[in-house]
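So the chains spell out like this:
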Amino acid sequence: MTIETASLGILHKAVEKLADGYRHLPAHHTEYDQQQAEEILLQVAEKMWDNYPYPHPQYAGQMLKPPHPVARMAYMLATWINPNNHALDGGKASSAMEKEAVAKIATLYGWDNYLGHLTGGGTLANLEALWVANHIHPGKTVLASSQAHYTHSRICGVLQIPFESVAVDDQARMDLNDLEAKLQQLDVGTVVVTLGTTGVGSVDPLPDILRLQETYGFRIHIDSAYGGYYTLADNLTPQVRAAYDAIRQADSVVVDPHKHGLQPYGCGCVLFRDPQVGRYYKHDSPYTYFSSDELHLGNQP
Ligand SMILES: Cc1ncc(COP(=O)(O)O)c(C=O)c1O
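Residue positions within a chain follow its written sequence, with the count starting from 1. Restriction of local features to residues with pLDDT of at least 70 applies here, the model being predicted, together with a cutoff of 80 or more for giving and counting side-chain atom pairs; totals for whole chains, interfaces and linings are based on all residues. The basis for the side-chain values is all heavy atoms of the structure; hydrogens and waters are excluded.

Q: Hey, could you run me through unusual backbone geometry in this one?
A: Glycine aside, residues mostly have negative phi, and peptide bonds are mostly found in the trans state. With an omega of -10°, the peptide bond between Tyr265 and Gly266 qualifies as cis. On the secondary structure map, Gly266 appears in the loop between β6 (252-255) and β7 (268-272). The backbone phi angle of Asn82 is positive, close to 55°, even though this residue is not glycine. With respect to the helices and strands, Asn82 occurs in the loop between α3 (69-79) and α4 (92-108). Accessibility here uses a 1.4 Å probe with only protein chains present; expressed as a share of the type maximum, an area under 20% marks a residue as buried, one over 50% as exposed, and anything in between as partly exposed. By relative accessible area, which is 60% here, Asn82 ends up exposed. For Ala172, which is not glycine, the phi dihedral falls at a positive 65°. A run of DSSP states H or I qualifies as a helix once it reaches four residues; a run of E qualifies as a strand once it reaches two. Both are numbered from the N-terminal end.

Right, here's the structure in full:
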């Protein structure tokens, strides 16, 4: 396998450009033992040989995707400054870029008025979505299919929310009869609909679940951590297309840029259709929030 290195030249130019923006500051040199640093880095490179060759086109990995070279370079470039987007003050330029990126992700689902942010990954993004769901329907049961990611039952354990699993049909999609039976038996607050299950990529029947929502009034959270970007594909079956098109009617959605968005780990994203859920995030921490009346990224999902 040949590891791509042309990007190193581009990265070098970009780091120089970054430095231009700070040349007005007093000169400063980061002191470290370069020889030792090189030895350590070469050792790390050798240890990495023991990983599978994920970027190779013949590596048929189920979930792991090599980051796009642009994403990889941008990620490394950012580490020279290491901004913290938690507060708009802590990463002015990078927070603006995060908002831009999240707005682009939201357009995938037809959302232009939403609340959302990037997270460390799908687990954290789903946790936020179920945390908000539990604010809206306190103590009510969360349902997800038996093929949903295990993260949902675990998150419900952490948040102390009752969780029940729904059976799947012969194509690993949420079984509507079992779902309706559970809706009748239990006090259900939220149904997690998986669009792209981790095991087999199956897509739960969202349009039918939306119809059941009219009768039973639960919240719908879409876990498309794995499958969210498949909405861009032009060869989906009509049933799967309909499920993706219906995301615009869901209450929240999770998608992982660090999967099919070709970003390096860790990058998830959570979006809420109702921006008013920001009220659950709002808190007062004067040591971080100074400059803006806008909801800071760390103050919102
Ligand atoms: C459907 C689904 N949800 C959630 C997750 C958890 O995401 P992460 O590993 O980014 O925390 C995954 C990961 O594979 C997933 O496939």
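Q: Please clarify how helix α6 (residues 151-159) should be interpreted in this entry.
A: Owing to its 3.6 residues per turn, the α-helix aligns residues three or four sequence positions apart on the same side. Of the residues making up α6, those classed as buried are Thr151, His152, Ile155 and Cys156. An end-on view of α6 places all buried positions within 135° of arc, on one side of the element. Contacts are assigned to residue pairs with any non-hydrogen atoms lying within 4.5 Å of each other. Close packing links the buried residues of α6 with α5 (122-136), β2 (141-145), β3 (163-166), β4 (188-194) and β5 (219-224). Phi turns positive, to about 60°, at Gln160, one or two residues after α6. The arc in question is the one traced by the directions running from the helix axis out to the C-beta atoms.

Q: What is the right way to look at the site of the ligand in this model?
A: The near set for a molecule or strand comprises every residue that places at least one heavy atom within 4 Å of it. What surrounds the ligand is a group of 14 residues, the closest being Thr123, Thr198, Asp223, Asp256 and His258. Pairing of N or O atoms within 3.5 Å defines a polar contact, subject to two protein rules: one partner must be a possible hydrogen donor and the other a possible acceptor, and residues neighboring in sequence count only if both atoms are side-chain atoms. In this structure, a nitrogen atom belonging to the ligand sits 2.7 Å away from a side-chain N or O atom of Asp223. In isolation the ligand exposes 390 Å². Once the protein is present, 85% of that is buried. With three residues, the top contributor of residues to the shell around the ligand is α5. Accessibility throughout is a Shrake-Rupley quantity obtained with a 1.4 Å probe, and a residue counts as covered only by protein chains that appear here.

Q: I'm lost on the layout of surface pockets in this one. Help?
A: A probe as big as a water molecule, rolled over the atoms, marks out the empty space that is left. As a volume, the largest pocket reaches approximately 1500 Å³. Buriedness for pockets is judged along seven lines, at least five of which must meet protein on both sides within 12 Å for an open set on the 1 Å grid over protein atoms alone, while cavities are sets there where a 1.4 Å probe fits but cannot get out, and lining residues have an atom within 4 Å of a point. Lining the largest pocket are 39 residues, and of these Ala78, Asn85, Ser94, Glu98 and Leu118 sit closest to its centre. Looking at the lining of the largest pocket, the elements with two or more residues in it are α3, α4 and β1 (115-119). Take the lining of the largest pocket: its biggest share by element is 10 residues, from α4. Grid points are joined across faces, edges and corners, and a volume is the space filled by probe spheres set on the points. By volume, the second largest pocket is sized at about 1300 Å³. Along the wall of the second largest pocket there are 31 residues; nearest its centre are Met1, Ile3, Met48, Pro55 and Arg72. When residues of the lining of the second largest pocket are traced back to their parent elements, those giving at least two are α1 (6-20), α2 (34-47) and α3. Take the lining of the second largest pocket: its biggest share by element is four residues, from α2. Classification used: nonpolar for Ala, Val, Leu, Ile, Met, Phe, Trp, Tyr, Cys and Pro, charged for Asp, Glu, Lys and Arg, polar for all others including Gly. Residue composition of the lining of the second largest pocket, grouped by class: 21 nonpolar, seven polar and three charged.

Q: Could you clarify how one ought to interpret the nonpolar core in this entry?
A: Nonpolar cores were defined as sets of buried Ala, Val, Leu, Ile, Met, Phe, Trp, Tyr and Cys residues, with membership established by side-chain atoms within 4.5 Å. Membership of the largest hydrophobic core comes to 33 residues, with the highest contact counts inside it found for Leu179, Val191, Leu195, Leu206, Ile220, Ile222 and Leu271. For this core, the elements supplying multiple residues, two or more each, are α4, α7 (176-185), β4, α8 (206-216), β5, α9 (238-245), β6 and β7. Looking at this core element by element, the count peaks at four residues for α8. In contact with Leu206, not counting residues within four places along its chain, are Val193, Leu195, Ile220, Ile222, Ala243, Ala246 and Ile247. Ranked by size, the runner-up nonpolar core spans 10 residues in total, among them Leu115, Ala129, Val270 and Val277.

Q: Is there a simple way to explain the packing of α1 against α3 in this structure?
A: To describe two helices that pack against each other, one gives the angle between their axes and the distance between the axes. Contact geometry of α1 with α3 gives a least axis separation of 10 Å together with a crossing angle of 35°. Between α1 and α3 the crossing geometry is right-handed. Residues Ser7, Ile10, Leu11, Ala14, Val15 and Leu18 of α1 touch α3, and the partners they reach there are Arg72, Met73, Met76 and Leu77. Taken together, the residues of the contact of α1 with α3 break down into eight nonpolar, one polar and one charged. What counts as an axis is a line fitted to C-alpha atoms, over the stretch in contact for a helix, and the angles between N-to-C directions run from 0 to 180 degrees. What makes a crossing left-handed is the near helix being turned counterclockwise from the far one by less than a right angle; a clockwise turn instead makes it right-handed.

Q: In this structure, what is going on with the pairing of β4? I would like to understand it.
A: In regular strands, side chains alternate between the two faces of the sheet. The element β4 is largely enclosed, with a buried count of seven among its seven residues. At least two DSSP bridges between two strands are needed for those strands to be called paired. Taken together, the four bridges between β2 and β4 define a ladder with parallel strand orientation. The residue of β4 that forms the bridge with Val142 is Thr190. Here β4 pairs with β5 via five bridges, running parallel. Bridging from a neighbouring strand, Val192 pairs with His221 of β5. When the strands point away from the viewer, a crossover counts as right-handed if the path from the first strand over the helix to the second runs clockwise. Handedness of the β-α-β unit built from β4, α8 and β5 comes out right-handed.

Just geometry here; none of it tells us what the structure is for.
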